[in-house]
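The chain contents come next:
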Protein chains: 2
Amino acid sequence: MTVPDLEFWFEFGSTYSYLTACRIEDVAHIAGVAVSWRPFLLGPIFKEQGWDDSPFNVYPAKGRYMWRDMERLCAKYGVPFARPSRFPRDGLLAARVACLANAEFEPWLPDFVRAVFRANFAEDREIGDDVEIRSILDELGQPGVEIVERAQTPENKQRLRNHTQRAIELGIFGAPSFVVSGELFWGNDRVEDALAWHRAKTGT
Amino acid sequence: MTVPDLEFWFEFGSTYSYLTACRIEDVAHIAGVAVSWRPFLLGPIFKEQGWDDSPFNVYPAKGRYMWRDMERLCAKYGVPFARPSRFPRDGLLAARVACLANAEFEPWLPDFVRAVFRANFAEDREIGDDVEIRSILDELGQPGVEIVERAQTPENKQRLRNHTQRAIELGIFGAPSFVVSGELFWGNDRVEDALAWHRAKTGT
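Definitions and cut-offs
- The numbers attached to residues start from 1 for each chain and follow its sequence in the written order.
- Think of it this way: whatever chain is written first is A, whatever ligand is written first is 1, and the rest follow in order.
- Totals for whole chains, interfaces and linings use every residue, but because this is a predicted model, local features are given only for residues with pLDDT of at least 70 and side-chain atom pairs only at 80 or more, for both listing and counting.
- Each helix is a run of DSSP H or I of at least 4 residues and each strand a run of E of at least 2, with the numbering of both proceeding from the N terminus.
- The quantity called the radius of gyration is restricted to C-alpha atoms. Its globule counterpart is 2.2 Å times the number of residues to the power 0.38.
- Helix span, expected: 1.5 Å multiplied by one less than the number of residues in the helix.
- Neighbour counting defines burial: a residue surrounded by 20 or more other C-beta atoms within 10 Å of its own C-beta is buried, one with 12 or fewer is exposed, and intermediate counts give partly exposed, using backbone-placed C-beta atoms.
- The arc refers to the directions leading from the helix axis to the C-beta atoms.
- Contact between two residues is assigned when their C-beta atoms, built from the backbone, lie within 7 Å.
- The classification used treats Ala, Val, Leu, Ile, Met, Phe, Trp, Tyr, Cys and Pro as nonpolar, Asp, Glu, Lys and Arg as charged, and all other residues, Gly among them, as polar.
- By definition, two strands form a pair when at least two bridges between them are found by DSSP.
- Orientation is described by axes fitted as lines to C-alpha atoms, over the contacting stretch for helices, and by angles from 0 to 180 degrees between their N-to-C directions.
- We call a set of buried Ala, Val, Leu, Ile, Met, Phe, Trp, Tyr and Cys residues a nonpolar core when their C-beta atoms link them within 7 Å.
- When the copies are superposed, the least-squares fit draws on C-alpha atoms of residues that have pLDDT of at least 70 in both.
- Seen with its strands pointing away from the viewer, a crossover is right-handed if its path from the first strand over the helix to the second goes clockwise.

> Report on the overall build of chain A, specifying residues and quantitative values.
Of the regular secondary structure elements, chain A holds 10 helices and four strands. Along its sequence from the N terminus, chain A presents helices and strands in the succession β-α-β-α-α-α-α-α-α-α-α-β-β-α. The C-alpha atoms of chain A give a radius of gyration of 16 Å, which matches the 17 Å a tight globule of 204 residues would have. By principal-axis analysis of the C-alpha atoms, chain A measures approximately 45 × 40 × 35 Å.

> Tell me about helix α10 (residues 191–202) of chain A, and please be specific about residues and values.
Think of an α-helix as turning once every 3.6 residues; residues three or four places apart then point the same way. Residue and element names in this part refer to chain A. The end-to-end C-alpha distance of α10, which contains 12 residues, comes to 17 Å, matching closely the 16 Å that a straight helix rising 1.5 Å per residue would cover. Within the sequence span of α10, burial applies to V191, A194, L195 and H198. Along the axis of α10, the buried residues cluster in a sector spanning 100°; they form a single face. Turned more than 90 degrees from where α10 packs its buried face, E192 and A200 sit exposed.

> Summarise the interface of chain A and chain B; cite the residues concerned and give the values.
Each side of the interface is counted separately: chain A has 11 residues, and chain B has 11 residues. Broken down by secondary-structure element, the contributors of at least two residues to the side of chain A that touches chain B are α4 (60–77) and β4 (183–186) of chain A. Among the elements that make up the side of chain A that touches chain B, the one with the highest residue count is α4 of chain A (four residues). Each residue belonging to the side of chain A that touches chain B can be placed in one class, and the counts come to six nonpolar, two polar and three charged.

> Kindly report on the sheet that holds strand β3 (residues 177–180) of chain B, identifying the contributing residues and their values.
Residue and element names in this part refer to chain B. In spatial order, the strands read β2-β1-β3-β4; together these four strands make up an open sheet with mixed pairing. The open sheet has two free edges, formed respectively by β2 (35–39) and β4 (183–186), since each of these has just one partner strand. For this sheet, the mean inter-axis angle between neighbouring strands, taken without regard to orientation, is 25°. Here four bridges tie β3 to β4, and the two strands are oriented antiparallel to one another. Across the sheet, V179 pairs through a bridge with L184, a residue of β4. Against the sheet, helix α10 (residues 191–202) engages β1 (6–10), β3 and β4, with an angle of about 5° to β3.

> Can you tell me about helix α9 (residues 154–169) of chain B, naming the residues and giving the values?
All names here are of chain B. Compared with an ideal rise of 1.5 Å per residue, which puts 16 residues at 22 Å, α9 spans 22 Å between its outermost C-alpha atoms and is within 8% of the ideal. Those residues of α9 lying buried are R159, L160, T164 and A167. Here the buried residues of α9 occupy an arc of 130° about the axis, which is enough to place them on one side. Looking at α9, the residues exposed on the side facing more than 90 degrees away from the buried face are P154, E155, Q158, N162, Q165 and E169. The inward-facing, buried residues of α9 contact β1, β2, α2 (43–48) and α5 (92–103).

> Outline the sheet that holds strand β3 (residues 177–180) of chain A, listing residues and values.
Residue and element names in this part refer to chain A. The strand order across the open sheet formed by four strands is β2-β1-β3-β4, and the pairing between neighbours is mixed. Sheet topology places β2 (35–39) and β4 at the edges, where each strand pairs with a single neighbour. In this sheet, adjacent strand axes meet at a mean angle of 25° when their direction is disregarded. Pairing geometry for strand β1 (residues 6–10) and β3, over three bridges, is antiparallel. Of the residues in β3, the one forming a bridge with E7 is V179. Packing of helix α1 (residues 15–31) onto the sheet brings it into contact with β1 and β2, and relative to β1 it is tilted by some 165°.

> A description of the environment of L41 of chain B should follow, citing residues and the corresponding values.
Residues and elements named next belong to chain B. Position of L41 among the secondary structure elements: in the loop between β2 and α2. According to the C-beta neighbour criterion, L41 is buried, with 22 such atoms within 10 Å. Spatially, the C-alpha atoms of L41 and L184 are 17 Å apart, while their sequence positions differ by 143 residues. The contact partners of L41, leaving out residues within four places of it in the chain, are E11, L92, A95, L160 and T164.

> Lay out the environment of S177 of chain A in plain terms, naming residues and giving numbers.
Residues and elements named next belong to chain A. On the secondary structure map, S177 appears in strand β3. By C-beta crowding, S177 is classed as buried, having 26 other C-beta atoms within 10 Å. Between the C-alpha atom of S177 and that of E48, which follows or precedes it by 129 residues, the distance is 18 Å. Dropping the residues within four chain positions of it, S177 is found in contact with W9, I172, L184, F185 and W186.

> Tell me about the nonpolar core, and name the residues and values.
Residues and elements named next belong to chain A. Grouped together as the largest cluster of nonpolar side chains are 54 residues, with contacts concentrated most on A94, V97, A98, F112 and V116. The biggest single contributor to this core is helix α5 (residues 92–103), with eight residues. Non-local contacts of V116, meaning those with residues more than four positions away in its chain, are made with F12, A94, I127 and I136.

> Please give an account of the relation of the copies chain A and chain B that cites residues and values.
If you rotate chain A by 180° and push it 0.0 Å along the axis, it lands on chain B with an RMSD of 0.0 Å. Given the turn and translation reported, the copies of this chain are related as if by a two-fold rotation axis. No C-alpha of chain A lies nearer the rotation axis than that of D189 of chain A, which sits 3.5 Å from it.

> Give a description of the pairing of β1 of chain B that names residues and reports values.
Residue and element names in this part refer to chain B. Among the five residues of β1, five are classified as buried, and the element is accordingly described as predominantly covered. Neither face of β1 is left uncovered, since the one carrying L6, F8 and F10 and the one carrying E7 and W9 both have all their residues buried. Note that β1 and β2 share five bridges and pair parallel. Note that in β2 the partner of F10 across the bridge is P39. Each parallel crossover has a hand, and the one from β1 via helix α1 (residues 15–31) to β2 is right-handed.

Right, dumping it as structure tokens:
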């Protein structure tokens with residue numbers, strides 16, 4: 001029997017996805033579970049729900065709470081945090097790069113994802129800009145100019161659209177989300193439940 | 001120094017409030033923290049956000065997920081669950097009774113709250129009906145007819161309005177919510193964080 005991965009569905013504009021990106025490899029490693037990194041876009045999903053902005057901006061009380069909650073949780077996990085001057089930032093290019101890395105089994109994918117999240121939520125950098133994404137790739141020892149170019153081919157753009165379409169088919173409506181053997185879990189606070197589900201299903 | 005209570009803000013129509021009602025006394029007892037039971041209504045708060053129904057009905061993908069999540073969590077906590085044939089049910093009368101019991105320091109308040117939640121989410125009973133609320137009170141050895149009558153005086157109706165107004169002032173936008181020394185936590189999965197906050201603030 002093939003042991004399923006834990007699918008980690010994330011969006012670069014999502015605050016709680018940042019928390020999970022920082023800790024998922026550690027907790028999954030302890031549980032002996034491999035992680036599949038699945039970038040997607042929340043924008044098209046939110047649009048279907050009638051929002052043209054983050055629900056944290058649409059509903060101010062929810063937004064105020066989320067920023068305070070993030071402060072507390074980042075302190076709890078020991079993750080650096082500074083409320084970004086713009087929210088949400090456009091994660092399109094970063095998600096395309098992540099899709100390319102995913103398709104090509106690049107081992108730098110998790111480091112890239114964490115570096116982009118950190119740039120957004122700890123360093124207040126404009127992750128929607130090509131120059132920032134290239135610079136993050138360069139810092140990882142990767143050819144930023146070349147990868148950003150290859151991330152924007154029609155073929156790779158279609159990959160990201162396919163990911164987002166697949167997320168919708170899985171019933172995903174927010175980020176982060178986790179899928180284990182078709183079972184959906186939503187929210188950073190469900191990582192442990194998703195791993196427990198994996199354990200129960202595989203008998204490990 | 002007065003040790004603050006953990007304020008548990010709940011709404012009888014809220015699925016996740018049911019989960020918390022079933023477990024909060026146990027976890028708070030272990031932490032040595034007293035619980036203040038604070039009924040309020042989500043309806044007026046949702047209305048301000050532009051919803052005239054539960055967000056789990058307004059956003060179907062979110063609703064499908066919530067019901068599945070409830071099944072899993074009830075199994076995890078060992079709490080009985082049967083998806084109610086009507087959702088959300090009107091918790092107005094039950095909340096008024098809970099307000100009265102709260103104002104009069106009635107020791108049966110937690111049992112009443114749990115019985116109403118169980119009626120709604122495990123027994124598929126119409127908790128919006130006077131007859132069900134009277135019957136729940138009678139089963140607890142309380143005079144149902146009398147209490148339901150006293151719950152509907154103008155003075156007690158105002159109590160519930162005051163509770164809901166206070167919830168809004170505290171920044172509450174969903175249920176369950178917890179307040180410890182003015183610090184707000186939202187969601188059944190934040191009970192442990194709220195208790196840890198209490199511990200950090202009181203040095204116990």
